[in-house]
Amino acid sequence: NGLGDAILHAEHLIKDEAFAIILADDLIINNPSCINQLIAAYEDNQSSVIGLNEVPKNETEKYGIVSIEESSSTSNAFLLKDIIEKPKNNAPSNLAVVGRYILSSKIFKYLRNLEPSVGNEVQLTDAIRLMLKDEKVMGYMYEGIKFDCGSKHGYVNAIRHLAEEIFDE
Ligand code: G1P
């Protein structure tokens, strides 16, 4: 029933620790890895952290989109003001959520009572939206190359990129 529902099924494994979510269709290449960059930001800020990247304005309806506190930047980390799943119009920015999150286990409290929304799915984004009204949630502009392996184009490009790296060795 959607990403939010999938995460809720893992609640019994998490207990009261912060935890990482990696959506495998977003392949991000860098060293340190995107998730390690987010873990470092979590340790610096002691709050949930969501990976962000810029997307063209006409693609905002494909992603979770955030608005940030402009003055809150410490390095690549920004305080989130709001987040909305796949806005049809009036996207608050062109900063999109990538499939990398470090979330406080408090997220389960918000997930438990959610109704399905966009695409008739239980959206993790909706739970994050509720959580950021009660506690700090940061967005982090990660460094690295991203391939959207949920599209044929992105998947083929990822294979080509990694194959070239191997052949260049
Ligand atoms: C999911 C999230 C969305 C995020 C995206 C990143 O959407 O719901 O907020 O921007 O992953 O890949 P999906 O791609 O599963 O539709």
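## With respect to the overall build of the protein chain
Helices and strands together make up the secondary structure of the protein chain, namely six helices and eight strands. Start at the N end of the protein chain and walk to the C end: the helices and strands fall as α-α-β-β-α-β-β-β-β-α-α-β-β-α. For 169 residues, the compact-globule formula gives about 15 Å, and the C-alpha radius of gyration of the protein chain, at 16 Å, lands near that figure. When its C-alpha atoms are laid out on the principal axes, the protein chain stretches across 50 × 35 × 35 Å. Residue burial in the protein chain is summarised as follows: out of 169 residues, 43% are buried. Put simply, 75% of the contacts in the protein chain that link residues at least 6 apart link residues at least 24 apart. Looking at the protein chain as shown, the accessible area adds up to about 9500 Å², and 50% of this sits on carbon and sulfur atoms. Between the averaged position of the 16 positive side-chain charges in the protein chain and that of its 26 negative side-chain charges there is a distance of 5 Å.

## Here's the deal with the pairing of strand S3 (residues 48–54)
Burial within S3 is extensive, with six of its seven residues counted as buried. Bridge count for S3 against strand S7 (residues 137–141) is five bridges, and the pairing is parallel. The residue bridging leucine 52 from the neighbouring strand is methionine 141, located in S7. By the bridge criterion, five bridges tie S3 to strand S6 (residues 95–103) in an arrangement that is antiparallel. Its bridge partner lying in S6, isoleucine 50 is registered against tyrosine 101.

## A few points about the site of the ligand
Taken together, the residues surrounding the ligand are Leu23, Asp26, Tyr63, Gly64, Glu85, Lys86, Val97, Gly99, Tyr101, Gln123 and Thr125. At a separation of 2.8 Å, an oxygen atom of the ligand approaches a polar side-chain atom of aspartate 26. Glycine 64 is positioned with one of its backbone polar atoms (N or O) 3.0 Å from an oxygen atom of the ligand. With the chains in place, 77% of the 380 Å² that the ligand exposes on its own is no longer accessible. Counting residues per element, the shell around the ligand draws most heavily on S6, which supplies three residues. Class assignment for the residues of the shell around the ligand results in four nonpolar, four polar and three charged.

## Brief notes about the packing of aromatic side chains
Considering all chains together, one arrives at one aromatic pair under this definition. For the pair phenylalanine 19 and phenylalanine 108, a centre-to-centre distance of 5.4 Å together with 10 degrees between the ring planes defines the contact as stacked. Of this pair, phenylalanine 19 sits in strand S1 (residues 19–22) while phenylalanine 108 is found in helix H4 (residues 107–112), placing the two residues 89 residues apart along the sequence. Given the relative accessible area of 10%, phenylalanine 19 is considered buried. With a relative accessible area of 2%, phenylalanine 108 lands in the buried category.

Conventions and cut-offs
- Here the residue numbers are simple positions, counted from 1 along each chain's written sequence.
- Owing to the predicted nature of the model, reporting of local features is limited to residues with pLDDT of at least 70; listing and counting of side-chain atom pairs is limited to 80 or more, with chain, interface and lining totals taken over all residues.
- Here the side-chain values reflect all heavy atoms present in the structure, with hydrogen atoms and water set aside.
- Helical segments are the DSSP runs of H or I of at least four residues, strand segments are the runs of E of at least two, and each set is numbered from the N terminus.
- The size measure is the radius of gyration over C-alpha atoms, and the globule rule it meets is 2.2 Å times the number of residues to the 0.38 power.
- Burial here depends on accessible area, computed with a 1.4 Å probe over protein chains only, as a share of the maximum for the residue type. Under 20% is buried, over 50% is exposed, and the range in between is partly exposed.
- Any two residues having at least one pair of non-hydrogen atoms within 4.5 Å are treated as being in contact.
- Here the accessible surface of atoms and residues is derived via Shrake-Rupley with a 1.4 Å probe, and residues count as covered only by protein chains that are part of the display.
- We treat Lys and Arg as the positive residues and Asp and Glu as the negative residues; His and chain ends play no part in the count.
- A charge is said to be at NZ when it belongs to Lys, at CZ for Arg, at CG for Asp and at CD for Glu.
- Paired strands, in this sense, are two strands between which DSSP finds at least two bridges.
- We call a residue near a molecule or strand as soon as one heavy atom of that residue lies within 4 Å of the molecule or strand.
- Identification of polar contacts relies on pairs of N or O atoms within 3.5 Å, with a donor-acceptor requirement for protein atoms, meaning one able to donate a hydrogen and the other able to accept it, and with residues adjacent in sequence counted only if both atoms are side-chain atoms.
- Polar here means any residue other than Ala, Val, Leu, Ile, Met, Phe, Trp, Tyr, Cys and Pro, which are nonpolar, and Asp, Glu, Lys and Arg, which are charged; Gly is therefore polar.
- For Phe, Tyr and Trp, where Trp contributes only its six-membered ring, two rings pair if their centres lie within 6.5 Å, and the inter-plane angle classes them as stacked under 30 degrees, edge-to-face over 60, or tilted in between.

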